[in-house]
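Each chain, letter by letter, is given below.
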Amino acid sequence: MAVSQAVTTLCENPNEIFLDAAKLLLTYADNILRYPNEEKYRSIRIGNPTFSTKLLPTKGAVECLFEMGFKEADTHLVLPKSASVERLKLIRESIAAERDRRLHGGQPVQPTARATMASAPESSAAASSQPDTPSPSQPLSLESSMSFVVTLQSNFQHVMLYENPELQQKARNIILHEQLFSTAQHKLTEAKKADPDCKLAIEDFLVLELLRWFKQDFFSWVDCLPCGRCGGPTEISSPLSPTTDDLRWGAQRVENHYCQSCSFSTRFPRYNNPEKLLETRRGRCGEWANCFTLCCRALGLEARYIWDSTDHVWTEIYSVSQRRWLHCDSCENICDKPLLYEVGWGKKLAYILAFSKDQVVDVTWRYSCKHTEVLSRRTRVQEAWLLHTINGLNASRQQSLSPDKKKQLTERLLVELVEFISPKKPKPGELGGRNSGSLAWRLARGETRVADTWTSTQDAGYVFTPTEKEKSDRLLHVRYSATKDQYCRVSNNSEVIQSWDQCVWRKESVFRKVEDDWQMVYIARTDGSSTGRISWKFDLAPADLKIKSVSVMASSQTFHSGKVSWHLQTGQITTEFSGDGKMQSFQSVSGSSEITLIAGLSGGEGETSWQHAQLFRQSLKQTDEPSFEILIHLEDV
């Protein structure tokens, strides 16, 4: 009996195809076992003609390499030195035994699917956005198709790590799961009071609590690490070589965060193993999504890992009560806003694929309201070829599933298909958020907290009121850093509040834009909106205090005909001021007990007019300087 699903799948190939692939796989394995310290035998170039013609098209062959311990590393598959030799021997002996049996007259296992993944079970027929499976066409480019297949297989293999019971238990030991469940139950109870027709389950609220905990309390974002020697700023320089331990945890790449001041290199291994990430608790979107998806599985949530070809990754969670998959971005602490990337961030999407333990699904259409544009950019492989390949992967993975489970997967995919083809028209400022769905679900996600229109008085947002310490010190001092995307309430023991919109009083058609190519970040209007507004409110009356003096530093930048206006409002008095990045004092508001700072964005030219008026524009490397600051000196009423 085969020792792995990959070998079982390989054995399903017809005799000639199996023998060719087996011979090559055994050659790779034997070379490594004979010359364990020779790097050249531990690396396979994806573009190698032998690999691309003998292994890549053969069902189960590349999966066997992954089972042996090979990892994807850009243009190569690499066997880390930390990989288990015993595991490699086990896979090698299983393949060799079947090959010997066939060469000596034994009957091969009857194939249940064609060798090149041509057929798909009924349960995976809807895995792509097209209802029928056409005959596969040749990919547009062999090189492109090989790269795409390896990406598919690598991600499909990687998500199986999340199913390890010991690893899930390790994650549960770290997650404050009892506290999260308790809070989720409380919020579910409150939601049912607010909406008697609430059909949500505790899992829906648990997702939201897990997102909040993960971003605010557990994981941290890395741009450039502080110098490991002097603590000063660093810049990313030429990469460093991974150590044996780095490779053990999937870090094929090690960034060099170099300090110009003391000429010291701080290492930042880009770990790809979620177990290691439970310890390091830091990284960029790859590390965030990887670790967060594991945490979801550890809490019993049905989750899948989402890969976006335009360089982002996130998670989806299946809501049984809502009968649909929910978009969850742990980096942003955002749930169920799938149009965020296209509408909010301005991404030019092409391929977005979902990977779970049971299947691969092309979910691109959930994340786009511009399907024609997306189709025009999907040029790496032909659509029929992609559908054909996905169906083949699913057929292989689902062989051991029960008929009931296969039926469940099919029914879910059909529901997804309907969602994919349904028209999506986000309104300015929504960033793809829902204005449909139950009241309870919108309450849970904070979508009714801020009024829909600027002048509405319903459901006010965040208001700064003095804490006991601020009352005692007669000072309210707040800073915001666009780079870190966090507020620092300096006057309250430097309390940190994550995310630009968590302390906002009102917002209309604005979002935080990160330019990865230019390494800049700022707040701008949403694409398609002619104006945008944002405000912050400070109310001193509950503390029986009034304003003695106010100083404000706000920064804004415009391009072409873009305009930014800043106003300080108290009662019926409105004072305009400049967003020049300099601290400005306002004695005219003395004696007031409430003030509101308002920024308005407008103007600009062409399709990118929304970018021509920006607040708090800052380099991602500029971590120390605030983009916005207000000091309010207080006195008794």
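Look above for the structure.
Here the structure is a predicted model, which means the values were calculated and not measured. (Residues numbered from 1 in each chain as written. Predicted model: local features only at pLDDT ≥ 70, side-chain atom pairs only at ≥ 80, totals over all residues. Heavy atoms only, no water.)

S.K.: So what's going on with the overall build of the chain? Which residues, and what values?
M.R.: What the chain contains, in helices and strands, is 18 helices and 30 strands. Residues counted as buried form 52% of the 637 residues belonging to the chain. Carbon together with sulfur atoms contributes 48% to the accessible area of the chain, which is approximately 28,400 Å² in total. (Helix = DSSP H or I, 4+ residues; strand = E, 2+ residues; numbered from the N terminus. Buried < 20%, exposed > 50% of the residue type's maximum accessible area, 1.4 Å probe, protein only. Areas by Shrake-Rupley, 256 points an atom, 1.4 Å probe, with all protein chains shown as cover.)

S.K.: Lay out unusual backbone geometry with the relevant residues and their values.
M.R.: Backbone geometry follows two general trends: most residues other than glycine have a negative phi, and most peptide bonds adopt the trans configuration. Although it is not a glycine, D311 adopts a positive phi angle of roughly 75°. Structurally, D311 can be placed in the loop between β9 (303-308) and β10 (312-319). A positive phi angle, close to 50°, is found at H560, a residue other than glycine. As for its placement among the helices and strands, H560 is situated in the loop between β24 (556-558) and β25 (563-570).

S.K.: Describe the packing of helix α2 (residues 15-34) against helix α5 (residues 85-103), and please don't skip the residues or the numbers.
M.R.: Each pair of packed helices can be described by the angle between their axes along with the distance between the axes. Where α2 contacts α5, the axes come no closer than 9 Å and their chain directions differ by 145°. Judged by the sense of rotation from one axis to the other, the crossing of α2 with α5 is left-handed. In this structure, α2 contributes N15, F18, L19, A22, K23, L25, L26, A29, D30, I32 and L33 to the contact, and α5 contributes V85, L88, K89, R92, I95, A96, E98, R99, R102 and L103. Tallied by class, the residues present in the contact of α2 with α5 amount to 13 nonpolar, 1 polar and 7 charged. (Axes fitted to C-alpha atoms, helices over the stretch in contact; angles between N-to-C directions. Left-handed = near helix turned anticlockwise from the far one by under 90°. Contact = heavy atoms within 4.5 Å. Nonpolar A, V, L, I, M, F, W, Y, C, P; charged D, E, K, R; others polar.)

S.K.: Go over the nonpolar core, please, and point to the residues and values.
M.R.: Counting 96 residues, the largest nonpolar core has F51, L65, I95 and L210 as its most contacted members. Ignoring sequence-local partners within four residues, the contact set of I95 consists of V7, L10, F18, A22, L25, L26, C64 and M68. Y480, I497, V550 and W566 belong to the second largest nonpolar core, which has 40 residues in total. (Core = buried A, V, L, I, M, F, W, Y, C linked by side-chain atoms within 4.5 Å.)

S.K.: Any chance you could break down the pairing of strand β13 (residues 352-355) for me, citing the residues and the numbers?
M.R.: Judged by which residues are buried, β13 turns out to be covered on both faces: I352 and A354 on one side and L353 and F355 on the other are all buried. Of the strand pairs in this sheet, β9 and β13 are connected by 4 bridges, and their pairing is antiparallel. Along β13, the bridge assignment pairs Y305 with F355. Here β13 folds back onto strand β14 (residues 360-362) in antiparallel fashion, the turn holding 4 residues. (Pairing = 2+ DSSP bridges.)

S.K.: Talk me through the sheet that holds strand β5 (residues 235-240); I want residue IDs and the actual numbers.
M.R.: Across the sheet, 3 strands lie side by side as β5-β6-β7; this open sheet has antiparallel pairing. Each end of this open sheet is capped by a strand with a single partner; those strands are β5 and β7 (264-269). For this sheet the average axis-to-axis angle between neighbouring strands, irrespective of direction, equals 35°. As paired strands, strand β6 (residues 254-259) and β7 are joined by 6 bridges and run antiparallel to one another. Residue pairing for β7: V254 is matched across the bridge by P269.

S.K.: Could you give me a rundown of the sheet that holds strand β20 (residues 510-515), with the residues and numbers involved?
M.R.: If you walk across this open sheet you meet the 4 strands as β20-β21-β29-β24, and the pairing is antiparallel. Of all the strands in the sheet, just β20 and β24 have a single pairing partner and so form its edges. With strand direction ignored, the average angle separating the axes of adjacent strands in the sheet is 35°. The pairing of β24 with strand β29 (residues 613-619) spans 3 bridges and is antiparallel. Bridge pairing links Q557 to Q614 in β29.

S.K.: Provide a residue-level description of the pattern of salt bridges, including the pertinent values.
M.R.: In total, this model carries 41 salt bridges according to the counting rule given. Notably, a salt bridge pairs E629 with R479, separated by 2.8 Å at the nearest N-O pair. Remark: R479 occurs in strand β16 (residues 475-481) and E629 occurs in strand β30 (residues 628-636); sequence separation between them is 150 residues. On the accessibility criterion, R479 (35% relative accessible area) is partly exposed. (Salt bridge = Lys/Arg side-chain N within 4 Å of Asp/Glu carboxyl O.)

S.K.: Outline helix α4 (residues 61-68), supporting the account with residue identities and numerical values.
M.R.: With 8 of its 8 residues buried, α4 lies for the most part within the structure. Where α4 is concerned, the buried positions are A61, V62, E63, C64, L65, F66, E67 and M68.

S.K.: Before we move on, could you go through the packing of helix α8 (residues 177-194) against helix α9 (residues 202-218) and cite the residues and values that matter?
M.R.: Viewed as axis vectors pointing N to C, α8 and α9 meet at an angle of 125°, and their least axial separation amounts to 8 Å. Between α8 and α9, the angle falls in the class oblique. By crossing handedness, the relation of α8 to α9 is classed as right-handed. Here L180, F181, T183, A184, Q185, K187, L188 and A191 of α8 come into contact with α9, specifically with I202, F205, L206, E209, L210, R212 and W213. Within the contact of α8 with α9, the residues separate by chemical class into 10 nonpolar, 2 polar and 3 charged. (Parallel < 35°, antiparallel > 145°, perpendicular 65-115°, else oblique.)

S.K.: Summarise empty space enclosed by the protein; cite the residues concerned and give the values.
M.R.: On inspection of all chains with the given rule, the structure shows 1 cavity of 30 Å³ or more. Space inside the largest cavity adds up to approximately 40 Å³. Around the largest cavity, the lining residues are V159, Y162, E163, T293, R297, A303, R304, Y305, F355, S356 and K357. Among the elements that line the lining of the largest cavity, the one with the most residues is β9, at 3 residues. Here the residues of the lining of the largest cavity sort into 5 nonpolar, 2 polar and 4 charged. (1 Å grid on protein atoms, 1.4 Å probe; cavity = no way out; pocket = protein on both sides within 12 Å on 5 of 7 lines; lining within 4 Å. Points joined across faces, edges and corners; volume = space filled by probe spheres on them.)

S.K.: Account for the environment of D217, with residues named and values stated.
M.R.: With respect to the element layout, D217 can be found in helix α9. Separated by 281 residues in the primary sequence, D217 and Q498 have C-alpha atoms spaced 10.0 Å apart.

S.K.: How would you explain the packing of aromatic side chains if you had to name every residue and give the values?
M.R.: One pass over the structure, following the stated rule, counts 30 aromatic pairs. Between W213 and F218, the ring centres sit 4.7 Å apart and the planes meet at 20°, which makes this aromatic pair stacked. The pair formed by W213 and F218 is uniform in burial state, with each residue classed as buried. When the ring of W536 is compared with that of W566, the centres are 6.3 Å apart and the planes differ by 15°; the resulting orientation is stacked. (Phe/Tyr/Trp six-rings, centres within 6.5 Å; stacked < 30°, edge-to-face > 60°.)

S.K.: Can you tell me about helix α15 (residues 383-397), naming the residues and giving the values?
M.R.: Along its 15 residues, α15 runs 21 Å from first to last C-alpha, staying within 8% of the 21 Å computed at 1.5 Å per residue. Extensive coverage of α15 is indicated by the burial of 15 of its 15 residues. (Expected span 1.5 Å × (residues − 1).)

S.K.: Which residues make up the pairing of strand β28 (residues 594-602), and what values do they have?
M.R.: Burial analysis of β28 places 7 of its 9 residues in the buried class, which makes it a mostly covered element. Across 7 bridges, β25 lies against β28 in antiparallel orientation. Looking at the pairing, S565 lines up with G600 of β28.

Functional significance is not addressed by these values, which are geometric in nature.
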